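Breakdown of the fold
So you can see what is in the structure, the chains are spelled out below.
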Amino acid sequence: MKIETQAVHAGRKIESQFRAVATPIYLSTVYERGEDGGRLSGYLYARDENPNRQALEECLAALEGGAAAAAFSSGQAASMAVLQSLKPGDHVIAPQDVFYETALFLRGTFTIWGLESSFVDMTDTAQIRNAVRPNTKLVWTETPSNPLLRITDIEAAASIAHEAGATVVCDSTLASPVLQNPLALGAELVLHSTTKYLGGHSDLTGGAIVARDAEHPLFAGVRKMQQNGGGVPSAFDCWLLLRSIQTLPYRVRAQAANALRIAEFLEKQPAVERVRYPGLKSHPGHAIAAKQMKGGFGGLVSVQIKGGAKEALAFAAQLKLITRATSLGGVHSNVDHRKSVEPPDSKTPENLLRFSMGLEHVDDLLADVERALSA
Ligand code: PLP
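Every value quoted in this text rests on a predicted model; they were computed, and no experiment measured them. (Residues numbered from 1 in each chain as written. Predicted model: local features only at pLDDT ≥ 70, side-chain atom pairs only at ≥ 80, totals over all residues. Heavy atoms only, no water.)

1. Digging into the overall build of the protein
If you tally the helices and strands in the protein, you get 14 helices and 12 strands. By the compact-globule yardstick of 21 Å for 375 residues, the protein fits well, its C-alpha radius of gyration being 21 Å. Taken over the C-alpha atoms alone, the protein extends approximately 75 × 55 × 35 Å along its principal axes. Taking all 375 residues of the protein together, the buried fraction comes to 56%. A sequence separation of at least 24 residues applies to 71% of the contacts in the protein between residues at least 6 apart. Surface exposure of the protein reaches about 15,800 Å², of which carbon and sulfur atoms provide 54%. Across the protein, the 37 positively charged side chains and the 39 negatively charged ones have centroids separated by 2 Å. (Helix = DSSP H or I, 4+ residues; strand = E, 2+ residues; numbered from the N terminus. Rg over C-alpha atoms; globule rule 2.2 N^0.38 Å. Buried < 20%, exposed > 50% of the residue type's maximum accessible area, 1.4 Å probe, protein only. Contact = heavy atoms within 4.5 Å. Areas by Shrake-Rupley, 256 points an atom, 1.4 Å probe, with all protein chains shown as cover. Lys, Arg positive; Asp, Glu negative; His and termini not counted. Charge placed at Lys NZ, Arg CZ, Asp CG, Glu CD.)

Here is the structure:
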């Protein structure tokens with residue numbers, strides 16, 4: 001079935017007691033057991049399984065064309081579960097501009113724990129190949145990347161990883177399952193911060209790992225980290241997320257259309273040094289993005305303002321409709337000066353503003369940007 005249909009139907013059942021069409025929220029942490037100690041309903045304890053989480057996982061797996069999904073309390077909890085499923089002595093290849101908190105963990109906690117990692121420019125597949133070691137177990141990709149919007153060729157990265165006997169995880173948060181399906185391009189696992197497009201309304205925190213093969217050893221580790229490690233989302237957050245997903249395809253495509261218009265406008269402005277948007281022909285990863293994405297290039301536009309941090313912040317300060325706030329993927333447009341929140345050694349230029357385009361009318365968004373530039 002098409003993604004619009006899956007977004008509405010996958011994981012949903014009519015509830016049996018009252019025939020409720022909208023899924024109820026199951027807050028119970030415990031389930032009655034049979035006289036023999038067995039499970040009467042299939043459920044036992046909420047950290048292991050919950051009907052709302054199970055419905056959400058079925059839907060997420062369907063949206064990505066996967067066999068199974070594991071939902072977490074945040075994108076970072078999902079990332080940590082993947083890395084914790086590796087063994088000390090294993091080697092990870094990650095992008096130089098991987099989401100900065102993942103980089104912090106790879107360089108800090110996981111190095112102490114004995115995991116080796118190499119950071120490469122993944123836009124250059126030769127660098128991935130050269131980084132392969134006999135103990136390489138995971139190639140971590142993030143495309144488009146946050147906030148530099150670099151594009152990694154997922155198929156090329158997967159073919160290098162598979163030759164080396166390694167697994168590929170793709171952080172596809174910025175694309176959402178609407179614009180990109182990494183499992184179909186060779187990745188074994190997909191990561192989403194569901195806080196972003198899947199949640200879509202800036203009111204929930206969540207994460208997920210979707211697996212092509214439910215029996216994949218790394219996914220088995222992820223499931224164990226979820227159920228025994230315990231970074232699970234609440235029943236309410238699962239319900240809210242599943243509710244939001246119903247409109248996902250329409251939201252994401254409209255956000256991408258707004259982003260393209262804003263990117264095209266900004267590219268022509270004299271105060272702008274560079275616009276990073278994979279949908280622009282000027283973007284170095286445009287051809288690969290066009291090959292592996294569909295229906296749009298995402299709702300994020302990163303803009304480098306001529307000058308430095310001062311000039312970028314002054315421009316952002318003049319925006320009235322577009323809110324100065326972090327995160328992305330919500331229905332409200334945001335602008336974020338990433339360098340202010342990332343560590344000093346991050347690769348993000350200090351004159352970069354990251355726009356997350358929402359669902360406002362594009363004419364109002366353009367008017368806000370135009371007025372702020374001329375203020
Ligand atoms: N991956 C990417 C690409 C992100 O942008 C983020 C958050 O901004 C994360 C992972 C982490 O997700 P969360 O904030 O839900 O823990």
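2. Focus on a nonpolar patch on the surface
A contiguous nonpolar patch, built from Ile25, Leu27 and Phe236 and spanning about 290 Å² of accessible area, is present on the exposed surface. Tracing the chain through its elements places Ile25 in the loop between α1 (3-9) and α2 (51-64). According to the relative accessible area criterion, Ile25 is partly exposed, its value standing at 33%. (Patch = residues over 30% accessible without salt bridge, like charges linked within 9 Å, V, L, I, M, F, W, Y side chains within 5 Å. Salt bridge = Lys/Arg side-chain N within 4 Å of Asp/Glu carboxyl O.)

3. Description of the state of the cysteines
Disulfide: a covalent bond formed between the sulfur atoms of two cysteine residues. For the structure on display, the rule yields 0 disulfides. We note that Cys170 lacks a disulfide partner, and the nearest cysteine sulfur, in Cys59, lies 19 Å from it. Just so you know, Cys238 is unpaired, no disulfide at all, and the nearest cysteine sulfur is the one on Cys59, 12 Å from it. Among the residues examined, Cys238 registers a relative accessible area of 1% and is labelled buried. (Disulfide = S-S within 2.5 Å.)

4. What to know about the pattern of salt bridges
Applying the stated rule across the entire model yields 14 salt bridges. Across the pair Arg223 and Glu57 runs a salt bridge, and its minimum N-O distance is 3.3 Å. Of this pair, Arg223 sits in helix α9 (residues 217-229) while Glu57 sits in helix α2, and the two are 166 residues apart along the sequence. Overall, the relative accessible area of 21% leaves Arg223 in the partly exposed class. Asp97 is paired through a salt bridge with Arg150; the nearest N and O atoms lie 3.9 Å apart. Placement of Asp97 in the loop between β2 (91-95) and α4 (100-107) and of Arg150 in the loop between β4 (136-142) and α7 (154-163) is noted, with a sequence separation of 53 residues between them. By relative accessible area, which is 27% here, Arg150 ends up partly exposed. Among the charged side chains, a network of salt bridges with common partners joins Asp336, Arg338, Glu342 and Arg354.

5. Considerations on the side chain of Arg354
In this fold, Arg354 is placed in strand β12 (residues 352-356). From its side chain, Arg354 meets the backbone oxygen of Ser327 in a polar contact 3.3 Å long. Beyond its immediate sequence surroundings of up to four residues, Arg354 is in contact with Asn146, Pro147, Leu300, Val301, Ser302, Thr326, Ser327, Leu328, Asn334, Val335, Asp336 and Arg338. (Polar contact = N/O pair within 3.5 Å; in protein donor to acceptor, adjacent residues only side chain to side chain.)

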